[in-house]
Amino acid sequence: MGAQSGMLIEFLFAIGKALGLILMGFLASRFKYISPQVGLGLSEFVGKVAVPAALFRSLSSLPIFPGQDGVAVEFNVLMCGFAAKFVLFVIAALLGLVLRKSLATCAVFGLVCSLSNDAALGLPILNTTHPQVGASLIFLMTLPCCALLLPMGLAMCEFSSRSKKKGKGSGEGFVSVLAVTLSRVARQPLIASVALAVAYNYATNATKLPRAVDQCLESVMGSLIVSALFALGSSLVNTTFTFDALFTPMILVVLKLLGPGLVCRLTASPVFGFDSSSSLELLSIYSALPAAPIVWAIAREQKADPDAIGNSVVLGTLLCGPVMIMENDGFRKEATELAGVLFQQIQDITGVHIEKEL
């Protein structure tokens, strides 16, 4: 069982590390060890520096165009995973409309249900469970998410902001608001980094970045996970954990953890033409990843219900473990075996042995 339980242990360790960083940020702010400006600075660093650097480094040398060697994930599997994310984006955005939220809040609702915490949880988990294709799936899925879903969400946020200014008598027409919105979205660091990475990838045929540049970006990437989760934890100090405050986050968490996997299972064979159990297992684990902390940074910048989004990220990180274990046969089997070993050890220590009935 040693090799088998290794996957589950690595999985639980990745979740525990993420929760530990959130707790450290919370305690540091709660006992005023750091000033409130530290959390604000870290969240801005994550959104404007660390995430764009990580995206550029990852996508610049990843095989994403036809003819490039090394693409390990089939196209229809990728399309199935992205379609699930798109469906959940639309459903969550419509949920915001039903709850009478602003357009910007509807946008971050959509993003929190479609963008996963790939860096802190996705890579260590999928590299353990699917070492041949896990990292490729994450980076390849990042491309359509950052090229379509993220611009859609940011455009909705910008359009909401410009529309409010128009309502206050700015004198701007619809076309003017739309033009300014698209211009601002195109200048967003996240969007610009993806565009530059894809252009470099195509021009150099996915050649690795120069060593000095690559090491510099790698150093920035190393600070991404710590900065994002620590800043998220520090922001929770002023959050009220009541039923009303947690009702919307719980709905978003259920949609994020269960929705994409369900859509993948329903559409894999009839729509995308594959029924491979290994591919569905890969998508089920990837789909159950919690929301990315960057969505909270966007919500905070746009003033789009950041408390609800922060609670969604934390609750999703807490609950993704049980959800993945329940949905995945491999994890469920390992959890059962590990529980059996622990139960036997408890019996040996206490001297109380329970005999199984034949």
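It should be noted that the structure appears before, not after, this text.
In this text the structure is predicted, and so the values were computed from the model without any measurement.

Cut-offs used in this document
- Residues numbered from 1 in each chain as written.
- Predicted model: local features only at pLDDT ≥ 70, side-chain atom pairs only at ≥ 80, totals over all residues.
- Heavy atoms only, no water.
- Core = buried A, V, L, I, M, F, W, Y, C linked by side-chain atoms within 4.5 Å.
- Buried < 20%, exposed > 50% of the residue type's maximum accessible area, 1.4 Å probe, protein only.
- Helix = DSSP H or I, 4+ residues; strand = E, 2+ residues; numbered from the N terminus.
- Contact = heavy atoms within 4.5 Å.
- Phe/Tyr/Trp six-rings, centres within 6.5 Å; stacked < 30°, edge-to-face > 60°.
- 1 Å grid on protein atoms, 1.4 Å probe; cavity = no way out; pocket = protein on both sides within 12 Å on 5 of 7 lines; lining within 4 Å.
- Points joined across faces, edges and corners; volume = space filled by probe spheres on them.
- Nonpolar A, V, L, I, M, F, W, Y, C, P; charged D, E, K, R; others polar.

### So, the nonpolar core
Right, on to step 1. Core analysis: the largest hydrophobic core is formed by 100 residues, its most contacted members being Leu 137, Ile 294 and Ile 309.
Right, on to step 2. The leading source of residues in this core is helix H6 (residues 134–170), at 13 residues.
Right, on to step 3. Sequence-distant contacts of Ile 309, defined by excluding residues within four places in its chain, comprise Val 108, Phe 109, Val 112, Leu 252, Val 295, Trp 296, Ala 299 and Ala 304.

### Structural notes on the packing of aromatic side chains
Right, on to step 1. Counted by the stated rule, this structure contains one aromatic pair.
Right, on to step 2. Taking the centre distance of 6.4 Å and the plane angle of 55° together, the rings of Phe 56 and Tyr 200 count as tilted. Highlighted residues: Phe 56 in helix H2 (residues 36–60) and Tyr 200 in helix H8 (residues 189–204), separated in sequence by 144 residues.

### Side note on the layout of surface pockets
Right, on to step 1. Its boundaries defined by the atoms lining it, the largest pocket holds a volume of some 740 Å³.
Right, on to step 2. Forming the boundary of the largest pocket are 35 residues, of which Ala 54, Leu 55, Asp 118, Ala 119 and Leu 224 lie nearest the centre.
Right, on to step 3. For the lining of the largest pocket, the secondary structure elements donating two or more residues are H2, helix H5 (118–129), H6, helix H9 (211–235) and helix H12 (293–302).
Right, on to step 4. The element contributing the most residues to the lining of the largest pocket is H2, with seven residues.
Right, on to step 5. A class-by-class count of the residues in the lining of the largest pocket yields 24 nonpolar, six polar and five charged.
Right, on to step 6. Here the second largest pocket defines a volume of roughly 400 Å³.
Right, on to step 7. In terms of lining residues, the second largest pocket is bounded by 19 residues, among which Pro 36, Ser 234, Ser 235, Val 237 and Asn 238 are the most central.
Right, on to step 8. Mapped by element, the contributors of at least two residues to the lining of the second largest pocket are helix H1 (2–30), H2, H9, H12 and helix H13 (306–327).
Right, on to step 9. For the lining of the second largest pocket, the residue count by class is seven nonpolar, eight polar and four charged.

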